[in-house]
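Each chain is listed here by its residues.
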Amino acid sequence: MLVMRGIVKQFPGVRALDGVDLDVRAGEVHCLLGQNGAGKSTLIKVLAGVHQPDEGTITFNGAEARPGSPIDAIRLGFATIYQELDLVDGLSVAENIFLGHEHARLGFVDRAAGRRAAREVLERLGHPEIRPNAEVGRLPPAAKQVVSMARALSHDARLIIMDEPSAALAHDEVANLFRIIRELTAQGVAVVYISHRLEEIREIGDRVTVLKDGRTVAVGLPARDTPTSRVVSLMTGRDVEYVFPPRSSRPPGEEVLRVEGLSAPGAFSGVSFSVRAGEIVGLAGLVGSGRSEILEAVYGARRAAGRVLLGGRPVRRGVTHAVRSGMGLAPEERKAQALLLDQSVTANITLGSLPGFARFGWIDRGRERAEAARLADLLDIRPPDTERPVRTLSGGNQQKAVLARWLVGGRRLLLLDEPTRGVDVGARAELYAVIRDLADRGIAVLLVSSEVPEVLGLSDRVLVLREGTVIHEGDAAVLDEHRVLDMIMEGRAA
Amino acid sequence: MSEPTPPVRQAAGARGAQADAARTNLLSGLRGVGELRHLGLFVALALLVAVGLVTRPDAFATASNLVSVLSLAATIGVITVGATFVIIGGGIDLSVGAVMALASVWATTLATQSYGPVVMAVCAVLVGTGAGLVNGLLIAYGRLVPFIATLAMLVAARGLAQRMSDRKTQLVQQPDNGAIVSLSTTRVLGIPLLVYVFALVVVLGWVVLNRTTFGRRTYAVGGNPEAARLAGIDVRRHTMLLYALSGLCCGIAAILIMARTTTGSSTHGDLYELDAIAAVIIGGTLLTGGRGTIMGSILGLLIFTLITNLFILNGLNTSDQLIAKGLIIVVAVLLQRRNLKERAP
């Protein structure tokens, strides 16, 4: 039904899709697999009309199709249900379902007709209990998912793309989702299904296409009988070799961080571990496994039950206390959460420790600049001009500036969330060396990365997370990527 | 989508970075001479002065006219300094005019006046700071949107001022409390004291914004509150202090307006919030926060005051004056947006 051939999509500085093929048949559930950054999201957006491909052809039911805008895509019969649900919280269920194609006469919305039609669609989905008048913002996640699906159906979609639809759902809700998907496919609707959970794919999927680094590496694998090991090796077979610094030969020092029974409802539960001075501990897991949330909870930026002790003493809740007691966080979204892009490198470096440079609030700018210059030199931030705005630095150097922030005044614990995101290969190796060097100076490091090889290569010890619980803890040197991915995806402890 | 950059692009980036570095050096060199980014404002100001010299050569360049321009600018000027802090910090304070009126009324009640001029001044400052603190608490800890919290304060402070004064204008008692009025009548080097007060507030504001941790944090909180929070800055406390600072400036402005008009009144400072905000915006401060300067705000204010002055000197319609001011705001912001685009990488 849908045939995509040689799709290429180029963004400034990155080839997100580099020749993707996809065949979807009517009435099948076609699963799309691939690691983070493999190009799944970009591919979906091409189908949804958000991005236009630079090369390649798309044919739908034998005719050339080129969705030039989201409206085009909808007219073609493509509907997309995004990972982050794109519903308007303040509007009612019916209004959301028919958003953009309201039942209207002469510009006046016919609300009764809208409600009637909404009720029909919801009944068809097996959810007559969702009232068309209810405000969407007050619905539970599962119900929102149904509303999203109802919207797709209201367009008479022939092809429905679902991006991790089960991520927000509890177990029995997933069963209901599958029932709806089966009904749809029985009517000849095709579903492109994206999920990280292999067991789901085995249950609902018909065929699998695997993407890696923007290319199709396997087309039309049978979803039920392809061995996990084959899928995983297709997803991971790498072109890029990472260069990791050697691990320290010295045994780690005293315990710096101790986390006891950390739990946050819906994110993670019963997480306990410790990090010693000079040790790098990595958290491996998928998006939604709770890895970043754990980091935030340790840092006091997220509410959680349980205890966090630094150097044997409990840390009072709140980021201000965490920073004062010697923690530093390099957050996941460097630009949105860490940097003041218009400010100088110096101002960014000293932001976390301003009082250390000031007397009665008066900043000693000479001392501030000298310290920033020293750290820029230590981490080899280029160009070495610390007065230029941080915006003008490359991603790797921006990340170094964030790291430098926490080297002022001697931190005891660094929390690194995706430290190499958006950093090119050469700069990665440098960052790895910097991080290892910091650990060798006696700082305890807790690392989160969505890239399993990075966690394994850089850490001394690894905790594997799945759906908010630690399923494995062990020496990083004896684990390999396959085993970790197996654990993450199959939910089997090693 | 993350943006892994291939090595080739990085080399090109490095070359661009060198050019950038050269430009930055040039800029920091010029900074000693005068803020380059305020060049446009200086030009606008010079144009207005030229217009004044051409249209009213007799009246414009006189000492008395310039002094009256500065005296007029002083009251709103002090408020503008506070507003600059709030707006750089990512907020907005609509209550400034009303808070100033309340402070002037509170300081001129018979009860307060009986304690003498010093207590009057302290009273004005405390009332202003207190009202600002209420704004700050509502916004930082009550999680009210700044626009709404300060709008409520605008209405309520005016109402309270009317109630306290019984809608009557309260005179500053002379000669007992003449010291207040002398801020406007006593001149040093031909310039009234209240202009010096204004200048002092500007200098202090500049120092606090550019040389202290408070100022640095203001930019951080306005520019990227999440980054500020994760860097360990107490964003809520800082936000609260910003509104308290704005209130403090309103209190000082209340003293100046009592000096200039010899009265305290609930009608003082009507629409001052608009003038102050307009001056800040013309001065290049982003309403979204994180970027801006005291210098720019003061230049913006002087431009506004000069326009008023020119219209009065030439006997032109005040309605036309408002239209001109509206146009200037739009033009200034459009020009700045172009500058921003050029500077973006």
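Being a predicted model, the structure only gives us computed values, none of them experimental.

Thresholds, definitions, all that
- Residues numbered from 1 in each chain as written.
- Chains lettered and ligands numbered in written order.
- Predicted model: local features only at pLDDT ≥ 70, side-chain atom pairs only at ≥ 80, totals over all residues.
- Heavy atoms only, no water.
- Helix = DSSP H or I, 4+ residues; strand = E, 2+ residues; numbered from the N terminus.
- Rg over C-alpha atoms; globule rule 2.2 N^0.38 Å.
- Contact = heavy atoms within 4.5 Å.
- Areas by Shrake-Rupley, 256 points an atom, 1.4 Å probe, with all protein chains shown as cover.
- Lys, Arg positive; Asp, Glu negative; His and termini not counted.
- Charge placed at Lys NZ, Arg CZ, Asp CG, Glu CD.
- Buried < 20%, exposed > 50% of the residue type's maximum accessible area, 1.4 Å probe, protein only.
- Pairing = 2+ DSSP bridges.
- Salt bridge = Lys/Arg side-chain N within 4 Å of Asp/Glu carboxyl O.
- Patch = residues over 30% accessible without salt bridge, like charges linked within 9 Å, V, L, I, M, F, W, Y side chains within 5 Å.
- UniProt positions renumbered as here; feature names shortened; annotations may be inferred.
- Axes fitted to C-alpha atoms, helices over the stretch in contact; angles between N-to-C directions.
- Parallel < 35°, antiparallel > 145°, perpendicular 65-115°, else oblique.
- Left-handed = near helix turned anticlockwise from the far one by under 90°.
- Domains from an automatic or database assignment.
- Polar contact = N/O pair within 3.5 Å; in protein donor to acceptor, adjacent residues only side chain to side chain.
- Nonpolar A, V, L, I, M, F, W, Y, C, P; charged D, E, K, R; others polar.
- Core = buried A, V, L, I, M, F, W, Y, C linked by side-chain atoms within 4.5 Å.

Trainee: Is there a simple way to explain the overall build of chain A in this structure?
Mentor: A count of helical and extended segments in chain A gives 17 helices and 24 strands. Here chain A has a C-alpha radius of gyration of 25 Å; the compact-globule value for 494 residues is 23 Å, and the two agree. Counting only C-alpha atoms and orienting by the principal axes, one finds that chain A spans roughly 70 × 50 × 45 Å. Counted over contacts in chain A with a minimum sequence separation of 6, partners at least 24 positions apart contribute 66%. For chain A, the exposed area adds up to about 20,400 Å²; of that, 50% sits on carbon and sulfur atoms. Here chain A contributes 63 positively and 64 negatively charged side chains, and the mean placements of these two sets differ by 4 Å.

Trainee: Whenever I open this one, the overall build of chain B confuses me. Can you help?
Mentor: The secondary structure content of chain B amounts to 15 helices and 4 strands. Counting only residues that meet the buried cut, chain B has 48% of its 345 residues in that class. A separation of at least 24 residues holds for 77% of the contacts in chain B among residues at least 6 apart in sequence. Of the roughly 16,000 Å² of accessible surface on chain B, 68% is carried by carbon and sulfur atoms.

Trainee: Please explain the environment of Val191 of chain A as it appears in this structure.
Mentor: All names here are of chain A. Relative to the helices and strands, Val191 resides in strand β10 (residues 190–194). Here the alpha-carbon distance between Val191 and Ile161, two residues 30 residues apart in the chain, equals 5.8 Å. Apart from residues no more than four positions distant in its own chain, Val191 is found in contact with Glu28, Val29, His30, Ile160, Met162, Ile181 and Thr185.

Trainee: How should the pairing of strand β24 (residues 469–475) of chain A be read in this particular structure?
Mentor: Moving residue by residue along a regular strand, the side chains alternate between the two faces of the sheet. All names here are of chain A. Relative to β24, strand β23 (residues 461–466) runs antiparallel, the two sharing 6 bridges. Bridging from a neighbouring strand, Val464 pairs with His472 of β24. The antiparallel hairpin formed by β23 and β24 contains 2 residues in its connecting segment, where Glu467 sits at a positive phi of about 45 degrees.

Trainee: Where do I start with the pattern of salt bridges in this structure?
Mentor: Working definition: two side chains of opposite charge can pair if their charged atoms are close together. All names here are of chain A. Taken as a whole and assessed by the stated rule, the structure comprises 32 salt bridges over all chains. Between Glu183 and Arg179 there is a salt bridge whose closest N-O contact spans 2.7 Å. Of this pair, Glu183 and Arg179 both sit in helix α6 (residues 171–186), 4 residues apart, which is roughly one turn of that helix. For Arg179, a relative accessible area of 32% puts it in the partly exposed group.

Trainee: How should I be thinking about the sheet that holds strand β14 (residues 268–276) of chain A in this particular structure?
Mentor: Note: strands within a sheet are paired through backbone hydrogen bonds, in either parallel or antiparallel orientation. Residues and elements named next belong to chain A. If you walk across this open sheet you meet the 4 strands as β14-β13-β16-β17, and the pairing is antiparallel. This sheet does not close on itself; its edge strands, each paired only once, are β14 and β17 (313–314). Pairing of strand β13 (residues 255–264) with strand β16 (residues 305–310), which is carried by 5 bridges, proceeds in the antiparallel orientation. Directly across from Ser263, in β16, lies its bridge partner Ala305.

Trainee: For this particular structure, what's the right way to read a nonpolar patch on the surface?
Mentor: Where nonpolar side chains cluster on the molecular surface, the patch consists of Val145, Phe147, Ile148, Leu151 and Val155 of chain B and spans about 460 Å² of accessible area. With respect to the helices, strands and loops of the structure, Phe147 of chain B is situated in helix α7 (residues 146–165).

Trainee: Teacher, can you tell me more about the UniProt feature "transmembrane region" (unreviewed entry) in chain B here?
Mentor: According to UniProt, the "transmembrane region" (unreviewed entry) feature falls on residues 36–54, 66–88, 118–138, 144–161, 188–209, 240–259 and 294–313 of chain B. Taken end to end, residues 188–209 of chain B comprises 77% helix and 14% strand; its first and last C-alpha atoms sit 28 Å apart.

Trainee: Hey, could you run me through the sheet that holds strand β18 (residues 327–330) of chain A in this one?
Mentor: Residue and element names in this part refer to chain A. In spatial order, the strands read β18-β21-β22-β15-β23-β24; together these 6 strands make up an open sheet with mixed pairing. At either end of the open sheet lies a strand with only one pairing partner, and these are β18 and β24. For this sheet the average axis-to-axis angle between neighbouring strands, irrespective of direction, equals 15 degrees. Relative to strand β22 (residues 444–448), strand β21 (residues 413–417) runs parallel, the two sharing 5 bridges. When the sheet's bridge partners are listed, Leu415 is paired in β22 with Leu446.

Trainee: So what exactly am I meant to see when it comes to the packing of helix α9 (residues 193–211) of chain B against helix α12 (residues 235–261) of chain B here?
Mentor: Helix-helix packing is characterised by the crossing angle of the two axes and by the distance between the axes. All names here are of chain B. Between α9 and α12, the shortest axis-to-axis distance is 10 Å and the interhelical angle comes to 165 degrees. Between α9 and α12, the interaxial angle falls into the category roughly antiparallel. α12 is crossed by α9, and the crossing has left-handed handedness. Of the residues in α12, those touching α9 at Leu194, Val197 and Val201 are Ile252, Leu256, Ala259 and Arg260.

Trainee: Would you take a moment to explain the pairing of strand β3 (residues 29–33) of chain A for this structure?
Mentor: Residues and elements named next belong to chain A. Here β3 lies mainly inside the structure; 5 of its 5 residues are buried. Alignment of β3 against β10, held across 4 bridges, turns out to be parallel. In the sheet register, His30 faces β10, and the bridge partner there is Val192. As paired elements, β3 and strand β11 (residues 207–212) share 4 bridges and run parallel to each other. Residue pairing across strands places Cys31 opposite Val208, the latter belonging to β11.

Trainee: Please explain the domain arrangement of chain A as it appears in this structure.
Mentor: Accessible area lost upon the coming together of the parts is a frequently used measure of interface size. Residues and elements named next belong to chain A. Taken domain by domain, chain A comprises domain 1 (2–236) and domain 2 (254–490). Its C-alpha centre places domain 1 at a distance of 35 Å from the equivalent point of domain 2. Contacts between domain 1 and domain 2 engage 13 residues on the former and 11 residues on the latter. Here domain 1 and domain 2 share 0 salt bridges between them. Joining domain 1 to domain 2, the criterion identifies 0 residue pairs in polar contact (both at pLDDT 80 or more). Elements that contribute at least two residues to the side of domain 1 that touches domain 2 include exactly α7 (198–204) and α8 (228–236). When its residues are assigned to classes, the side of domain 1 that touches domain 2 shows 4 nonpolar, 6 polar and 3 charged.

Trainee: Help me out: how do you make sense of the nonpolar core in this one?
Mentor: For soluble globular proteins, nonpolar side chains are generally found buried alongside one another. Residues and elements named next belong to chain A. Judged by nonpolar contacts, the single largest core of 79 residues is most densely connected at Leu257, Val298, Tyr299 and Met327. Per-element accounting of this core gives the leading share, 7 residues, to helix α15 (residues 425–440). Setting aside residues up to four positions removed in sequence, Leu257 forms contacts with Phe273, Ser274, Val275, Val298, Val308, Leu309, Leu310, Leu413 and Leu446. Counting 66 residues, the second-largest nonpolar core is a separate cluster that includes Ala142, Ala152, Val210 and Val484.

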